[in-house]
Amino acid sequence: MADLERSEKLVVALNAIERKADIIRMTAAIPPQNQNTKRFAGEIMALVEQAKEWV
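Residues numbered from 1 in each chain as written. Predicted model: local features only at pLDDT ≥ 70, side-chain atom pairs only at ≥ 80, totals over all residues. Heavy atoms only, no water.

Peer 1: Would you explain the packing of helix α1 (residues 2–28) against helix α2 (residues 35–54) in this entry?
Peer 2: For any two helices packed against each other, the geometry is given by the interaxial angle and the distance between the axes. Running from N to C, α1 and α2 cross one another at 160°; their axes reach a closest spacing of 8 Å. Taken together, the axis directions place α1 and α2 in an arrangement best described as roughly antiparallel. Handedness of the crossing formed by α1 with α2: left-handed. Residue-level contacts link Leu14, Asn15, Ile17, Glu18, Ala21, Asp22, Ile24, Arg25 and Ala28 of α1 to Thr37, Lys38, Ala41, Ile44, Met45, Val48, Glu49, Ala51 and Lys52 of α2. (Axes fitted to C-alpha atoms, helices over the stretch in contact; angles between N-to-C directions. Helix = DSSP H or I, 4+ residues; strand = E, 2+ residues; numbered from the N terminus. Parallel < 35°, antiparallel > 145°, perpendicular 65-115°, else oblique. Left-handed = near helix turned anticlockwise from the far one by under 90°. Contact = heavy atoms within 4.5 Å.)

Peer 1: So what exactly am I meant to see when it comes to the pattern of salt bridges here?
Peer 2: Where side chains of opposite charge bring their charged atoms close, a pairing between them can arise. With the rule as written, the count across this model stands at 6 salt bridges. Among the ionic pairs, Glu43 bridges to Arg39, the shortest N-O distance being 3.1 Å. Linking Glu43 with Arg39, this pair stays in helix α2, spanning 4 residues, or about one helical turn. By relative accessible area, Glu43 is classed as partly exposed at 39%. (Salt bridge = Lys/Arg side-chain N within 4 Å of Asp/Glu carboxyl O. Buried < 20%, exposed > 50% of the residue type's maximum accessible area, 1.4 Å probe, protein only.)

As structure tokens, then:
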């Protein structure tokens, strides 16, 4: 049971990280655009998706 609870908490945390990265990505798209920030946010989102698959 503890492992399931830990996994659920991890998924909640990953969802929060993904939401924050998406906000950063959208903010970076508004002029003046910051392509590096936009790319980093995309990389974070991709890492979160990969981590969700492992959970």
